[in-house]
Amino acid sequence: MSIRKHTEDICAGLNNEDYSVQPQVFVSPPKWHLAHSTWFFEQFVLGNFAKNYSVFDEDFAFLFNSYYNNVGKRVLRPNRGLMTRPSVEKVYEYRAFVNEKMTEFLASDLSRNVADIIEIGLQHEQQHQELMHYDIKYILGNQATFPSIENNFDFSQKNIPLKFISFEEGVYEIGHQGDNFCFDNELGRHKVYVNSFEIADRLITNQEYIEFIEAGGYQDFNLWHAEGWDFVQQNELKAPLYWHQVDGEWHHYNLHAFEKVNPNEVVKHISFYEASAFAAWKDMQLPTEFEWEVAADQLDWGKLWEWTNSAYLPYPNFQKAEGALGEYNGKFMINQMVLRGAALSTSKNHSRKTYRNFFHPDMRWLYSGIRLVKHG
């Protein structure tokens, strides 16, 4: 139950009014996360395998299903913030109810299939814990007074020149191997040919990104993908998300405070478009996800998810599971880019070199950063 408790701990600094807000379509209210990660166990474990189980509330499957078409209709994602009911208190009652029923169920003999579904449920909840970090920051960071809540993430970066680690061309094996848990999108271990490359030994800092801004990076269309340039123009972007210029100096919202940008922290809340434009300005590139995985054992990673130059596609022999759980990853393998590594907001057991995170290239609210590569 430690994973279940941690989800609630993330909400410790919130007021009740914070739980139901949805300022953008890509943001889900904290109340919805709390209920959805509970519904997952009710839907896929208790409802299917626990004897004489009665659901907590018949409406909750409709209210808190996310994208599982196989299990019925649901509230559309843009409308999650319209739900003032059920109350926050009722959602916590729901969590306590399902926790109690799961504790009773876990005392029985479990098949390997059921144990695997429970494992997926726990991993799924940890993914939502990370999304809650993003969503809570977005909810609070777009308020006029920049509310302060506890934040212990240390994004500091040594102020040292970039160094590059060289890798020879060759055929490398990519993908998960072993008996420990992984998601289906990591499977299909296979060989890839990789040209020689050099990869930076650290992430890009705020100071380096400020140099890009001051050099006119957001005004030079030559640096940007066409879609990225449209994104910059339509949204009038001039800096990373949460950055504001006050009296000629850059400030940003960092949960615990609205403060001056620390030049020696890694630059974060960067879209793929911005990461790619910065790389072009440096006459370099972003690594492919294969280059990143080849180099991973020699990299210091874990502060931010790192954009790669790879589209999110299935590995050879990728197979979706039957039914609703088959919707978990496969159907999202279109129009998204892969990120590798992990962030300070990531659960430790999700921090592995084969983990494939993925988002649309315009997303900035996640903890994302930049690592560069050189070729030839």
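- For the chain, an unreviewed UniProt entry supplies the name Ergothioneine biosynthesis protein EgtB and the organism Pseudotenacibaculum haliotis.
- Turning to the chain, the UniProt annotation filed under Pathway (unreviewed entry) states: "Amino-acid biosynthesis; ergothioneine biosynthesis."

1. Digging into the overall build of the chain
No. 1: What the chain contains, in helices and strands, is nine helices and 12 strands.
No. 2: Taken over the C-alpha trace, the chain has a radius of gyration of 22 Å; the compact-globule value for 376 residues is 21 Å, and the two agree within 12%.
No. 3: Projected onto its principal axes, the C-alpha positions of the chain cover 65 × 50 × 35 Å.
No. 4: Scored against the burial criterion, the 376 residues of the chain give a buried share of 53%.
No. 5: Relative to all contacts within the chain whose residues are 6 or more apart in sequence, the contacts with residues 24 or more apart total 77%.
No. 6: As presented, the chain carries roughly 17,700 Å² of accessible surface, and 48% of it is formed by carbon and sulfur atoms.
No. 7: Taking the 34 positively charged and 50 negatively charged side chains of the chain as two groups, their mean positions are separated by 2 Å.

2. Digging into the UniProt feature "domain: Sulfatase-modifying factor enzyme-like" (unreviewed entry) in the chain
No. 1: Residues annotated by UniProt as "domain: Sulfatase-modifying factor enzyme-like" (unreviewed entry) correspond here to residues 165–296.
No. 2: In this annotation, residues 165–296 is assigned 27% helix and 22% strand; the end-to-end C-alpha distance for the span is 11 Å.

3. Topic: the sheet that holds strand E11 (residues 368–369)
No. 1: Spatial ordering of the open sheet is given by E10-E9-E8-E11, a layout of four strands whose pairing is mixed. Every interior strand has two partners, whereas the edge strands, strand E10 (357–359) and E11, have only one.
No. 2: The pairing of strand E8 (residues 305–311) with strand E9 (residues 337–341) spans four bridges and is antiparallel. When the sheet's bridge partners are listed, Trp305 is paired in E9 with Gly341.

4. Some details on the packing of aromatic side chains
Aromatic ring pairs: the centre-centre distance and the angle between the two ring planes describe each pair.
No. 1: Summed over the entire model, instances satisfying the criterion amount to 48 aromatic pairs.
No. 2: Geometrically, the ring pair formed by Tyr134 and Trp365 is edge-to-face, given 5.5 Å between the ring centres and 70° between the ring planes. With Tyr134 in helix H5 (residues 112–141) and Trp365 in the loop between E10 and E11, this residue pair connects regions lying 231 residues apart in the sequence.
No. 3: Taking the relative accessible area as the measure of exposure, Trp365 reaches 3% and is therefore buried.
No. 4: Residues Phe332 and Phe358 carry aromatic rings whose centres are separated by 6.4 Å and whose planes lie at 25° to one another, so their mutual orientation is stacked.

5. Quick notes on the sheet that holds strand E7 (residues 258–260)
No. 1: Read from one edge to the other, the open sheet built from three strands follows the order E5-E6-E7, with strand pairing classed as antiparallel. Every interior strand has two partners, whereas the edge strands, strand E5 (243–246) and E7, have only one. Here the average twist between neighbouring strands, direction ignored, is 35°.
No. 2: Two elements, strand E6 (residues 249–253) and E7, share three bridges in a ladder whose sense is antiparallel.

6. Looking at helix H7 (residues 226–235)
No. 1: Turning to H7, its buried residues are Gly228, Trp229, Phe231 and Val232. When H7 is viewed along its axis, its buried side chains cluster within an angular range of 160° and face the same direction. H7 presents Ala226, Glu227 and Gln234 as exposed residues on the side facing more than 90 degrees away from its buried surface.
No. 2: Packed against the buried residues of H7 are helix H8 (272–281).
No. 3: Directly beyond the C-terminal end of H7, a positive phi value near 50° is found at Glu236.

Rules behind the numbers
- Residues numbered from 1 in each chain as written.
- Predicted model: local features only at pLDDT ≥ 70, side-chain atom pairs only at ≥ 80, totals over all residues.
- Heavy atoms only, no water.
- UniProt positions renumbered as here; feature names shortened; annotations may be inferred.
- Helix = DSSP H or I, 4+ residues; strand = E, 2+ residues; numbered from the N terminus.
- Rg over C-alpha atoms; globule rule 2.2 N^0.38 Å.
- Buried < 20%, exposed > 50% of the residue type's maximum accessible area, 1.4 Å probe, protein only.
- Contact = heavy atoms within 4.5 Å.
- Areas by Shrake-Rupley, 256 points an atom, 1.4 Å probe, with all protein chains shown as cover.
- Lys, Arg positive; Asp, Glu negative; His and termini not counted.
- Charge placed at Lys NZ, Arg CZ, Asp CG, Glu CD.
- Pairing = 2+ DSSP bridges.
- Phe/Tyr/Trp six-rings, centres within 6.5 Å; stacked < 30°, edge-to-face > 60°.
- Axes fitted to C-alpha atoms, helices over the stretch in contact; angles between N-to-C directions.
- Arc of directions from axis to C-beta.

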